[in-house]
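Below, each chain spelled out in residue letters.
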Amino acid sequence: MPEEKSLNFIEEIIEQDLSSGKYERILTRFPPEPNGYLHIGHAKSICLNFGLARKYNGRTNLRFDDTNPVTEDVEYVESIKEDIRWLGFTWSNEYYSSDYFDELYLFAVKLINKGLAYVDDSPSEKIAADKGTPTEPGKENEYRNRSVEENLRLFEDMKNGKYKDGEKVLRAKIDMAHINMLMRDPIMYRIKHAHHHRTGDKWCIYPMYDFAHGQSDSIEHITHSICTLEFVPHRQLYDWFIEKLEIFPSRQYEFARLNMTYTVMSKRRLLQLVNEKFVSGWDDPRMPTLSGFRRKGYTPSSIRTFCDKIGVAKRDNLIDISLLEFCIREELNETAVRVMAVLNPVKLIIDNYDENITEELTTENLPNDPGNIRTITFSKELWIEKEDFMEVPVKKWFRLAPGQMVRLKSAYIVRCESFTKDEEGNLTEIHCTYIPESRSHNDTSNLKVKGTIHWVNAKTAATAEVRLYQRLFTVENPAAEEGDFKSFINPDSLTIIKNAFIEPHLQHAEKGAHFQFIRNGYFCIDKDSKPGALVFNRTVTLKEGFKPKSD
RNA sequence: UGUCCCAUAGUAUAAAGGUAGUACAACAGAUUUUGAUUCUGUCUGUCGAGGUUCGAAUCCUCGUGGGACAACCA
């Protein structure tokens, strides 16, 4: 029985457009500028645009909004395509705004002919000053009333490279006193003698966003052009150009962009983190980029689930990152093979166990699949976590302490008899005795212990590097804080453990595999791994249940 | 001292004039050879004031609060 899911406001619009017969089929688009890597905020937009098309049997174009050659690069084009595919979506057509430069030029000429565009010789400072403020009207200048013929000639000269950067612009002739600043004769074309990653040196004039985006939507017959809230004031201009150009009426709808706690989401800030080496690159696992999450071990489906859960609306939001963590835990709990790894080791010696014996034990790979087992080995000396021993236990301490017993996962119950320390007081060895009748799956001891801890056989253990990540920032909303957001970077966001002990078979694990290191979290294999020198990334911790109280 | 957008538990998101619901978070308890998982329960909400109506989270007015807008960026 399918559960009734309510529609978001965009779905409501689409269902109305479909049932009224306005459109037979919807066409959406995802329009990134290729000047950076995609982040989780883009994932929301991708899931929305592609998801809508999928739901209503429509299509989605991928269009690179490449109208500013000085900031854009093919490196970004490739990474963006890879990330969309990885997320699990397929675009109908791959387009570029630059594909439309010829057509856009003709559109501009059409507006000049209609007396709705003019060439302005003013420097940018003058244009900005004449624009007025939100509360005061702007001023018209002497170029505004040039003849159509002169505008036509000048615009052609601009195109032909007769002028230097900044000498002239083409402006729409709307209303310098308009209440909407964007309608005060917005710039349509500017001169940039720059090499474009696709059109090369063919053009030295480039359309502005406002004279490219809506027109490109229209050329492709996009029915629903979905963008973020900051473009709300642009909609009036978007519609104005479409009306005056008399072209296909695409319509723009705006939703609230995604913000997440303990991270930043703007390309500008992410670029700073990369350039100033606060992280190792765009795919650093601490980055909120799709490549960062991928490297950290997030799956595409967990991100899609997240985007589905956060909903789509028009109010500013700050989503708790624990929802994203919930989504990946929920999935990995079902799929990740349980293994044992000791990150902060101390040696446990079983005094009454024969040092010449290596015993084979079985353990389950997945808790809800009892038949799915593997063999592990056990012997006199084991590695366990330092944190699983307390010389003077706190209240409700279920792990090891002098005289206290624990179960070694899938093995025996042991009792702590003594421990040793070095001259500096650091714990060096824990001595235990084991209860032979307490062997897992064959326990006749009748002993009940509260704690079960993980371990690795010291005789056969392999080692690996393990990287633990925590949130990149110490405050919920770094971008909203006073001062430089970088002053809120968490100094402990990365912990590298050079020599963790792992079960030996993990050395042969496959690249994309996900594991749960029992009691330590979910892990994946990092791309820095080399044969014999594995590197694991912690995708996410397990939900923390035990919080020792200070007394 | 302008225009536009927005306002529902801690965080998100439903309820299209008719029982304020769901998820995450938090907190309890049960189960557990992972202090995980699972299960059960608890907690907390319609920004304010008027109005329309038999009835308002929803419609209207006025406030209040938050956000956007003055790049030859997108």
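Residues numbered from 1 in each chain as written. Chains lettered and ligands numbered in written order. Predicted model: local features only at pLDDT ≥ 70, side-chain atom pairs only at ≥ 80, totals over all residues. Heavy atoms only, no water.

**Q** Provide a residue-level description of the sheet that holds strand 1 (residues 27-30), including the pertinent values.
**A** Within a sheet, neighbouring strands are paired by backbone hydrogen bonds and run either parallel or antiparallel to one another. The three strands are arranged 1-2-3 in an open sheet whose pairing can be described as parallel. Strands at the two margins of the open sheet, each flanked by one partner only, are strand 1 and strand 3 (94-96). Averaged over neighbouring strand pairs, the angle between their axes works out to 35° when direction is ignored. As paired strands, strand 2 (residues 59-64) and strand 3 are joined by three bridges and run parallel to one another. Directly across from Leu-62, in strand 3, lies its bridge partner Glu-94. Its contacts with the sheet put helix 2 (residues 40-55) on strand 1 and strand 2, and the angle it makes with strand 1 is roughly 160°. Across the sheet, helix 3 (residues 74-87) touches strand 1, strand 2 and strand 3, and the angle it forms with strand 2 is around 160°. (Pairing = 2+ DSSP bridges. Helix = DSSP H or I, 4+ residues; strand = E, 2+ residues; numbered from the N terminus. Axes fitted to C-alpha atoms, helices over the stretch in contact; angles between N-to-C directions. Contact = heavy atoms within 4.5 Å.)

**Q** Mind laying out the pairing of strand 25 (residues 535-540), listing which residues take part and the relevant values?
**A** In terms of burial, strand 25 is a largely internal element, six of the six residues being buried. Bridging between strand 21 (residues 462-469) and strand 25 involves three bridges; their strand directions are parallel. Across the sheet, residue Glu-465 finds its bridge partner in strand 25, namely Val-535. Pairing of strand 24 (residues 521-525) with strand 25, which is carried by four bridges, proceeds in the antiparallel orientation. Within strand 25, the residue paired with Ile-525 across the bridge is Phe-536. (Buried < 20%, exposed > 50% of the residue type's maximum accessible area, 1.4 Å probe, protein only.)

**Q** Hey, could you go over the protein's contact with RNA strand B for me, with residue numbers and the actual values?
**A** Around RNA strand B, a shell composed of 58 residues is seen, among which Arg-315, Arg-338, Phe-398, Ser-440 and Gln-516 lie nearest. Among the atoms of RNA strand B lying within 4 Å of the protein, the sugar-phosphate backbone contributes 62%. Lys-409 has a polar side-chain atom sitting 3.2 Å from a sugar or linking oxygen of RNA strand B. Contact between RNA strand B and His-441: a base oxygen at 3.4 Å from a main-chain N or O atom of the residue. Counting only elements with at least two residues in the surface near RNA strand B, the list comes to strand 6 (187-191) and helix 12 (321-335). Among the elements that make up the surface near RNA strand B, the one with the highest residue count is helix 12 (four residues). Split into classes, the residues belonging to the surface near RNA strand B amount to 23 nonpolar, 19 polar and 16 charged. (Near = heavy atom within 4 Å. Polar contact = N/O pair within 3.5 Å; in protein donor to acceptor, adjacent residues only side chain to side chain. Nonpolar A, V, L, I, M, F, W, Y, C, P; charged D, E, K, R; others polar.)

**Q** For the sheet that holds strand 7 (residues 205-207), give the residues involved together with the corresponding values.
**A** Spatially, 4-5-6-7 is the arrangement adopted by the four strands of the open sheet, whose pairing is antiparallel. The sheet terminates laterally at strand 4 (117-120) and strand 7, the two strands that pair on one side only. For this sheet, the mean angle separating the axes of adjacent strands, direction not counted, is 20°. Sheet topology note: the strand 5 (residues 169-172)/strand 6 ladder contains three bridges and is antiparallel. In the sheet register, Arg-171 faces strand 6, and the bridge partner there is Ile-187. Sheet strands in contact with helix 4 (residues 101-113) are strand 4, strand 5, strand 6 and strand 7, and its direction is about 120° off that of strand 6.

**Q** Help me get a handle on the confidence of the model for chain A, residues and values and all.
**A** Residues at a pLDDT of 70 or more form 98% of chain A, whose mean pLDDT is 96. Model confidence for the complex is summarised by a pTM of 0.95, with the ipTM given as 0.96. (pLDDT = per-residue confidence, 0-100.)

**Q** Requested: an account of the pattern of salt bridges, with residues and values cited.
**A** One pass over the structure, following the stated rule, counts 42 salt bridges. For Lys-162, the salt bridge is made with Asp-157, and the minimal N-O distance between the two is 3.6 Å. Exposure remark for Lys-162: the relative accessible area of 57% places this residue in the exposed category. Taking the shortest distance from any N to any O, the salt bridge between Asp-283 and Arg-295 comes out at 3.3 Å. One end of the pair, Asp-283, is in the loop between helix 9 (267-275) and helix 10 (290-296); the other, Arg-295, is in helix 10, with twelve residues separating them in the sequence. (Salt bridge = Lys/Arg side-chain N within 4 Å of Asp/Glu carboxyl O.)

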